[in-house]
Amino acid sequence: MVQDPPPRLRSLRAIVFRFALAPALLLALVLGILFSLQQLHERRQLLLSHGRASAEQLASLIQLSGSQPSELRKEWLHQSLLTLMLEKDMVRSVHIYTTDAVKGAPLNDDSGLRLLASVGPRPRATVSAAELHGRAPFIYEKSGSLQVLQPLEGDPLSCWLSIELHRPYFIVGTYQVVVVLLLGLIVCTLAALMWSVFLSERFARSLARLRETLSAIGDGRFAARAGESYSRELHQLAEQVNEMAANLANHQRDYKSSLHQSMEDLRQSLDSMEEQNIELDLARKKALEASRVKSAFLANTSHEIRTPLNGIIGFTNLLLKTDVDELQQDYLQTILRSSESLLTTINDILDFSRIESGKLVLDHIPMDLGQLLEETLQILAPFAYEHQLELVPLIDNQLPTTLIGDPLRIKQILTNLVGSAVRSSENGDIPVRISVQSARESELMVRISVTDLGNRIDEQGRRELRQLVEHNTQRHSQQISSSGLGLAIARSLIQRMRGSIGIDEVAGRGSTFWVHLPLLLERNRAAPMREQFPGARLLVADPNNMTRMQVAQLLRHWQVEAVELAETKTLQPAVEQMWRHDSQPDAVIIDTAIAGGDFERFVGTVQQLVDTYQCRVILQGSPVELRRCYEQLRTRVLTFLRKPVTRDNLLRALRRAAPQSGQAPRITGSQPTLPWPAAPRVLAVDDHRANRLLVGELLRAQGVDATVAASGEEALQLWRQREFNLIFMDIQMPDMDGIAATRRIREEEKSQGKSDKRIPIIALTAHAGAEEKARLLSAGMDDYLSKPVSEAQLSNMIKRWMKILAPAMPAPGRERSPRPVDISESLGLSNNNAKLARDMLQMLLDGLMADEQELNCLQAEGDHKGLFELVHRLHGACCYCGVPRLREATAKLQEQLRPLQEEEEAEVDGRSLEATAREIRALHDWGQEQDLDTLFGLVAREA
């Protein structure tokens, strides 16, 4: 901020001059004016008194000469007037007037007077008879003329004596007074000036001495003192300055003493801090070593547990694909869910450690979010049944089957949210909903909500959970309850996923925890194949509105007519009525809840429906309740459907109930599921026999030509002898481990000139830490999978890398579509939602011209990184729309650009760039000629 300049200061001398000269001059001027007025008044009075005296004297002489002859009197009068003029220099002229007229001497017409005698010049102003009539002696002043009029004695008064006084005498006196006044003012001014100079110099010298003393004190010479002054005020000021100097000297001594003491203390503190730093450094090294030991322990523990878990989960999945009865399938599902629960617990332990150290790294792999929810609810269902709770999954039909994310961490989030809801509720339903909120480019915003009843938690517990969700508390975990700790971990994971969490509460009706997660869509996903059962009709008998609504919605999604029956007491009459009218449903889904605890009567009712009315029954219920009637009804019912009801279980039951209605071909395990005419050749390396056998079986089940190796040396020998498309490499192996084997392969590729035919090596590791993953990628591996490995993960990984190595070829007998857009594929990618398919395609078309311009600019600038990001974004948008030609072109160009991002001088294949630009222009021209509403059938629907 700019400060205003200081105002102009006046000197002390100017102030003294002002306050000394101004009063003196003012006083002298006032006194001079008074003296001048007095002198002027006195001179006027003197002049008038002389005039009156002369007039009275002359009038007396005239009266005394009244007895003399007339001629003598005139002569004597004339001489008297002359004598008066000569003696009185203040008399200008003398005149005698009469008001009587005589023959030969008439009166003056103007004044009405007759002049009898006169001496001197004519008066400046003439008096009239009217002005003289009946008056006593007076002074007449007019037009600069000053006259003394004196009447002569007579009866009546007829003669007047007029003596005109000389005004220059008065004016000269005035000038003399003014001159004297000016001289007096000059003398007073000089005297005041001299006095002011004397005073100002005296004050200036005193203040100069004080200034020198203060300057010396300011320079640190506190021994300087101000001298005595003749003025009391200046003397007091000098004493204050001297006292200030003495105080400053004392403070300086104290400061020096304190400074020396502080420096000594600081030296001692520095010595102490140096010792403490050494101790802290030692403690830090110990803490780092302890953290390293803890991390190594957690990693080794995770590896030792994950390795057998991989076999347990994998072989359980394989066993579930064999022919087993319902009870055995239930047991196997329990083993599988328990193993997955143990895996989740291990992940919780590892993630808690990583969250504390800030080293948590998320995975980005394909997953089925709906299946994750169903698996989580099946694991938590026994815990919920202990409190008479039903866990009901409600999954949006618009949710894609495959998304990119971290399935283990999302499963942790679901487990913590649902577990918290179970601990807060009893005797009721807990719906868990997954819905699609919005879609933007390659990202999908998913909403997950869990609604509890809130009848098993107090207000303090609810307040703690609300604080954890809304205020992101940083309290130590020991101060949070077990439920709150799980919620805190879930919140941390959600924030790392760039999501959000919140809570909506309704008084007396529990609360809803909601989560918004941004998830990526899989680039290479195929159009989902939805089975449909048109004409099929099922009766759903369930007293629970929530579970009945869930099952009915799933059935309608598969084009099945669902007849809901809430009053289970009317089940038998309703079936009987349908039987009588020959309108029996294809199957009846009966929930064990209608038993009400009386399973003998319930079994009898089901047997009667099967035997009497030939009903095809699907028995639905919790595992515990299904076991109570399994032996009695295993030969009477189609299948047992355990709750929580999953889409796969219900679909299997529906296939058994209406096999003739299904319109989607089923894919058996003997058919290849990968989209290539020739089976990919994959080498799987693992020293653990069970894991080696499992990976081989999983790969062969997908139609892959799998070769297994038990060590790094064996894998190296097989790679030298045969040509493989892909290698799955275990890390921890005796002798030559996976990293050493990978380095040997990379070195031989480089020495043999096969760098352009680099084989992708995928790490199979039980270590899930961020440092481990970075070490694997830096060692030459291309990707990684964390154990336990599922069939879906292997399939997605093979599809991903085979797409890169050799784009999928069209099926035999099907030629490439000559059109740039495949409407049926667009509908399939949007789950047959025509409006969504139209909007996604329209967004892609709107940005094509800008993308082409940016593509050309980046190519001209040689910005390979920006070019890769543009093509990657464009390819991601193509994966949501049925644009196979542009999707294939961008996929090929993207993989060519991937290794060139950091190389500025590398050359890009111009043919791939031209092909991509050509497809962009072709698709844009197609969009200009088409009406998307008509193509997708939206015009007819709106009409």
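None of the values given here were measured: they were computed from a predicted structure. (Residues numbered from 1 in each chain as written. Predicted model: local features only at pLDDT ≥ 70, side-chain atom pairs only at ≥ 80, totals over all residues. Heavy atoms only, no water.)

Within an α-helix, residues lying three or four positions from one another point in the same direction, as the helix has 3.6 residues per turn. Turning to helix α16 (residues 647-657), its buried residues are Asn 649, Leu 650, Leu 651, Ala 653, Leu 654 and Ala 657. Tucked inside the fold, the buried residues of α16 contact α7 (369-385), β13 (537-541), α11 (545-557), β15 (587-591), β16 (617-621) and β17 (639-642). (Buried < 20%, exposed > 50% of the residue type's maximum accessible area, 1.4 Å probe, protein only. Helix = DSSP H or I, 4+ residues; strand = E, 2+ residues; numbered from the N terminus. Contact = heavy atoms within 4.5 Å.)

What follows covers the UniProt feature "modified residue: Phosphohistidine" (unreviewed entry) in the chain. Sequence positions flagged by UniProt for "modified residue: Phosphohistidine" (unreviewed entry) are, in local numbering, His 872. Accessibility expressed as a relative area gives 36% for His 872, which makes it partly exposed. (UniProt positions renumbered as here; feature names shortened; annotations may be inferred.)

Let's shift gears to the sheet that holds β13. Strand order in the open sheet made by the 5 strands is β14-β13-β15-β16-β17, with parallel pairing throughout. The open sheet is flanked by β14 (561-565) and β17, the only strands paired with a single partner. Looking at each pair of strands side by side, their axes are set apart by 20 degrees on average, direction ignored. Direction of pairing for β15 relative to β16: parallel, over a ladder of 4 bridges. What sits directly across from Ile 590, in β16, is Leu 619. (Pairing = 2+ DSSP bridges. Axes fitted to C-alpha atoms, helices over the stretch in contact; angles between N-to-C directions.)

Before going further, it helps to examine unusual backbone geometry. That bond from Lys 643 to Pro 644 is cis: its omega, 0 degrees, falls within 30 degrees of zero. As for its placement among the helices and strands, Pro 644 is situated in the loop between β17 and α16. Even without a glycine there, the phi angle at Asn 427 is positive, about 55 degrees. Within the secondary structure, Asn 427 is located in the loop between α8 (407-423) and β9 (428-440). According to the relative accessible area criterion, Asn 427 is exposed, its value standing at 53%. Positive phi, close to 60 degrees, is recorded for Asp 735, a residue that is not glycine. Looking at the secondary structure, you find Asp 735 in the loop between β20 (726-730) and α19 (738-751). By relative accessible area, which is 75% here, Asp 735 ends up exposed.

Here we have 5 strands laid out as an open sheet, ordered β19-β18-β20-β21-β22, and parallel in their pairing. Every other strand in the sheet has two partners, leaving β19 (705-709) and β22 (783-786) as the edge strands with one partner each. Going across the sheet, the axis of each strand differs from the next one's by a mean of 20 degrees, ignoring polarity. Here strand β18 (residues 681-685) pairs with β19 via 5 bridges, running parallel. In the strand pairing of β19, Leu 683 is matched with Thr 707. Sheet strands in contact with helix α17 (residues 689-701) are β18, β19, β20 and β21 (761-765), and its direction is about 170 degrees off that of β19.

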